[in-house]
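Given next are the chains, with one letter for each unit.
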Amino acid sequence: RFVLKHLVDNSMFSIDRTKVAECITMVDGKFNHNVLLDKDGITVLEGNSGNTIVMDKDGNVVVTVSGNVTVTADGDVTVTAGGDATVEATGDAIVKGTTVKLNNATGKILTDLTSTPACLFTGKPFPGVPTCKAG
């Protein structure tokens, strides 16, 4: 085990290759930022907000934030999920682009309550059919 520690603010760099830990840890004592590399993956913690990025050994990435998330790119951004992909917002979820494709543009969505598909008997949209507001 190797530890390098700052005596004033307790910032620390540690390499621990004992069978119990097997990790590399970096801690910023002043701002409480942490980086942990271990057998399970990589964890980055921003100490003041508690925001985290976790990349695990199974290929999962989890970003947890207490504020807003913005992805900015000069090129394309692609999110591919082998399972479900969920976007949750307590406010608006905004997607900007010249074209927005849902279901790879092969399905239909409702843009108002008079659009099809609707129930032949009640005329109301089927439950679960996506409704979108565009403008």
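Residues numbered from 1 in each chain as written. Predicted model: local features only at pLDDT ≥ 70, side-chain atom pairs only at ≥ 80, totals over all residues. Heavy atoms only, no water.

Asker: Teacher, can you tell me more about the overall build of the protein chain here?
Answerer: Scanning the protein chain from terminus to terminus reveals zero helices and seven strands. Start at the N end of the protein chain and walk to the C end: the helices and strands fall as β-β-β-β-β-β-β. Within the protein chain, the proportion of its 135 residues that are buried is 7%. Sequence separation of at least 24 residues holds for 1% of the intrachain contacts in the protein chain that already meet a minimum separation of 6. Total accessible area computed for the protein chain in this model is approximately 11600 Å², and 55% of it derives from carbon and sulfur atoms. (Helix = DSSP H or I, 4+ residues; strand = E, 2+ residues; numbered from the N terminus. Buried < 20%, exposed > 50% of the residue type's maximum accessible area, 1.4 Å probe, protein only. Contact = heavy atoms within 4.5 Å. Areas by Shrake-Rupley, 256 points an atom, 1.4 Å probe, with all protein chains shown as cover.)

Asker: Would you mind going over the confidence of the model for the protein chain with me for this structure?
Answerer: Low-confidence regions, as indicated by low pLDDT, have predicted coordinates that should not be scrutinised in detail. In the predicted model, the protein chain carries a mean pLDDT of 81, and 76% of its residues have values of at least 70. Ranking the helices and strands of the protein chain by mean pLDDT puts strand β5 (residues 41-45) first, with 97, and strand β7 (residues 61-64) last, with 88. (pLDDT = per-residue confidence, 0-100.)

Asker: How should the sheet that holds β5 be read in this particular structure?
Answerer: Strands belonging to one sheet form pairs held by backbone hydrogen bonds; the direction of such a pair is parallel or antiparallel. Sheet architecture is open: seven strands sit in the order β1-β2-β3-β4-β5-β6-β7, paired in antiparallel fashion. At either end of the open sheet lies a strand with only one pairing partner, and these are β1 (2-5) and β7. Put simply, the sheet's adjacent strands are angled 5 degrees from each other on average, direction ignored. (Pairing = 2+ DSSP bridges. Axes fitted to C-alpha atoms, helices over the stretch in contact; angles between N-to-C directions.)

Asker: Got a minute to help me understand the pattern of salt bridges in this structure?
Answerer: Where charged atoms from two side chains of opposite charge come close, those side chains can pair. Using the criterion set out here, one finds two salt bridges in the structure. A salt bridge links R1 to D16; the nearest nitrogen and oxygen atoms lie 3.3 Å apart. Of this pair, R1 sits in the segment before β1 while D16 is found in strand β2 (residues 12-16), placing the two residues 15 residues apart along the sequence. D40 serves as the salt-bridge partner of K39, at 3.7 Å between the closest nitrogen and oxygen. Assessed through its relative accessible area of 38%, D40 is described here as partly exposed. (Salt bridge = Lys/Arg side-chain N within 4 Å of Asp/Glu carboxyl O.)

Asker: How should I be thinking about the side chain of N34 in this particular structure?
Answerer: Inspection of the secondary structure assignment puts N34 in strand β4 (residues 33-38). A polar atom in the side chain of N34 sits 3.0 Å from the backbone oxygen of N32. The residues contacting N34, other than those within four sequence positions of it, are M26, V27, T43, V44 and L45. (Polar contact = N/O pair within 3.5 Å; in protein donor to acceptor, adjacent residues only side chain to side chain.)

Asker: Quick question: what am I supposed to make of the pairing of β7 here?
Answerer: Remark: a regular strand shows side chains that alternate across the two faces of the sheet. Note that strand β6 (residues 52-56) and β7 share four bridges and pair antiparallel. Along β7, the bridge assignment pairs M55 with V61. Counted between consecutive antiparallel strands, the loop separating β6 from β7 contains four residues, among which G59 sits at a positive phi close to 95 degrees.

Asker: Please explain the environment of V3 as it appears in this structure.
Answerer: Within the secondary structure layout, V3 lies in strand β1. We classify V3 as partly exposed; its relative accessible area is 37%. Not counting chain neighbours up to four residues away, the residues in contact with V3 comprise M12, F13 and S14.

Asker: How should I be thinking about a nonpolar patch on the surface in this particular structure?
Answerer: A grouping of V44, I53, M55, V61, V63, V65, V69, V71, V77 and V79 is seen on the molecular surface, where their side chains present a nonpolar patch of about 870 Å² in accessible area. Those elements that provide at least two residues to the nonpolar patch are β6 and β7. On the secondary structure map, V79 appears in the segment after β7. (Patch = residues over 30% accessible without salt bridge, like charges linked within 9 Å, V, L, I, M, F, W, Y side chains within 5 Å.)

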